[in-house]
Amino acid sequence: MSQTAVAAPHAASAARSPEPDVHQITWLMPDSKVAGPGPGRSLGYSDRLVAYLSERLPQIQQRSLVANSKRSWQLLARGEPVCIPAALRTPEREAVAYFIDAQWVPPPQLIVRRDRLERLPRNSAGEVDLARLLADTSLRGALFEGRSYGPHLDALLKQAPNPSAVSLYAHAGAADKLLNMVLADRADYTLDYDFMLRLRAPDNEAIQRSAPGSLGGNGEAELLPLPVQGADEGMIGAMACPRNAWGLAALRQIDRVLGTPAGARFLREVVESLLTPDTRRHYSSKIDAFYRERARPSKPG
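Just so it is clear, the model here is predicted, and its values are computed rather than measured. (Residues numbered from 1 in each chain as written. Predicted model: local features only at pLDDT ≥ 70, side-chain atom pairs only at ≥ 80, totals over all residues. Heavy atoms only, no water.)

> Please provide a residue-by-residue account of the packing of helix 2 (residues 45-56) against helix 11 (residues 261-272), values included.
It is at 10 Å that the axes of helix 2 and helix 11 come closest, and there the two elements cross at 160°. The orientation of helix 2 with respect to helix 11, classified from their angle, is roughly antiparallel. At the point where helix 2 passes helix 11, the crossing takes the right-handed sense. Residues Tyr45, Arg48, Leu49 and Tyr52 of helix 2 touch helix 11, and the partners they reach there are Ala262, Gly263, Phe266, Leu267, Val270 and Val271. Partitioning the contact of helix 2 with helix 11 into residue classes produces eight nonpolar, one polar and one charged. (Axes fitted to C-alpha atoms, helices over the stretch in contact; angles between N-to-C directions. Helix = DSSP H or I, 4+ residues; strand = E, 2+ residues; numbered from the N terminus. Parallel < 35°, antiparallel > 145°, perpendicular 65-115°, else oblique. Left-handed = near helix turned anticlockwise from the far one by under 90°. Contact = heavy atoms within 4.5 Å. Nonpolar A, V, L, I, M, F, W, Y, C, P; charged D, E, K, R; others polar.)

See below:
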């Protein structure tokens, strides 16, 4: 009886606690010259998503701030009123952020110059054995500090026997600079989504013409995406806001827009515009299932 008498007023008080007003959201945009905001850049997923939400949530002022992954998660961990439009869940991130699922994407692939192809450890299916590659210090890896590449790849990277074989970069523009470094023969490989190569195709051509070192079979250096052994499952990209009352309220407002047939259709169209026809066919059943579920309201978690 006494426990009930004490708990009841507390529960009633919690129920009456008003949800914080969300007047402004600062979106932390990817530090990419080809998939982020700015003159001469391609209109990427994050740009189109923020524009879509701005039109449908006019009561919320929405602004964009370019930040690398490491800086973005530092801001969320501090509880700042900022959100990330595209992120992968990890146990560490779930401790500091609320999420709602927003996109289905194929797994990252190993990006390498064509003239390094024969030096890579691959299985009979042509998939790269990343564990063996990370043990080979004669090949130079370049990765993005603070970025998650999905559970399987993250685990392999943590278990790498020779951490010195991979250099980490976190400064502005690193996402593009890593691809440029591989193309210019300052690194041998990186990990990224294959559609990043399509987004930056015009930039590729300019760099290819001036890239030093060995050339591909067509007389130019060329970047190739290769599947990684064991990393064959697609990944769920989510929107993330700080794990506090403001972040929860912000995601609830966002989900009222995205958790509808129209919202899911928009999200699917944006992501599928980045995928090759072969990729869409290969993963069609998984894509269908994800966006069928996304067309319904969801709870931030």
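> So, helix 11: which residues are in play, and what are the values?
The end-to-end C-alpha separation of helix 11 is 16 Å, in line with the 16 Å expected for 12 residues at 1.5 Å each. All of the buried residues along helix 11 are Gly263, Ala264, Phe266, Leu267, Val270 and Val271. Summarising the axial view, the buried residues of helix 11 lie within an arc of 160°, below the 170-degree limit, and thus occupy one face. For helix 11, the secondary structure elements touched by its buried residues are helix 2, strand 4 (97-105), helix 10 (245-258) and helix 13 (284-294). (Expected span 1.5 Å × (residues − 1). Buried < 20%, exposed > 50% of the residue type's maximum accessible area, 1.4 Å probe, protein only. Arc of directions from axis to C-beta.)

> Requested: an account of the sheet that holds strand 10 (residues 235-242), with residues and values cited.
A sheet is described by the order of its strands in space; here five strands give the open sequence 2-1-3-10-4, paired in mixed fashion. Only two strands of the sheet have a single partner each, and these edge strands are strand 2 (61-66) and strand 4. Geometrically, the sheet is characterised by an average inter-axis angle of 25° between neighbouring strands, direction not taken into account. Both strand 1 (residues 24-29) and strand 3 (residues 82-87) contribute to a ladder of two bridges, which runs parallel. By the bridge assignment for strand 3, Thr26 is matched with Val82. Where helix 10 meets the sheet, its contacts fall on strand 1, strand 3, strand 4 and strand 10, and the angle it forms with strand 10 comes to roughly 135°. (Pairing = 2+ DSSP bridges.)

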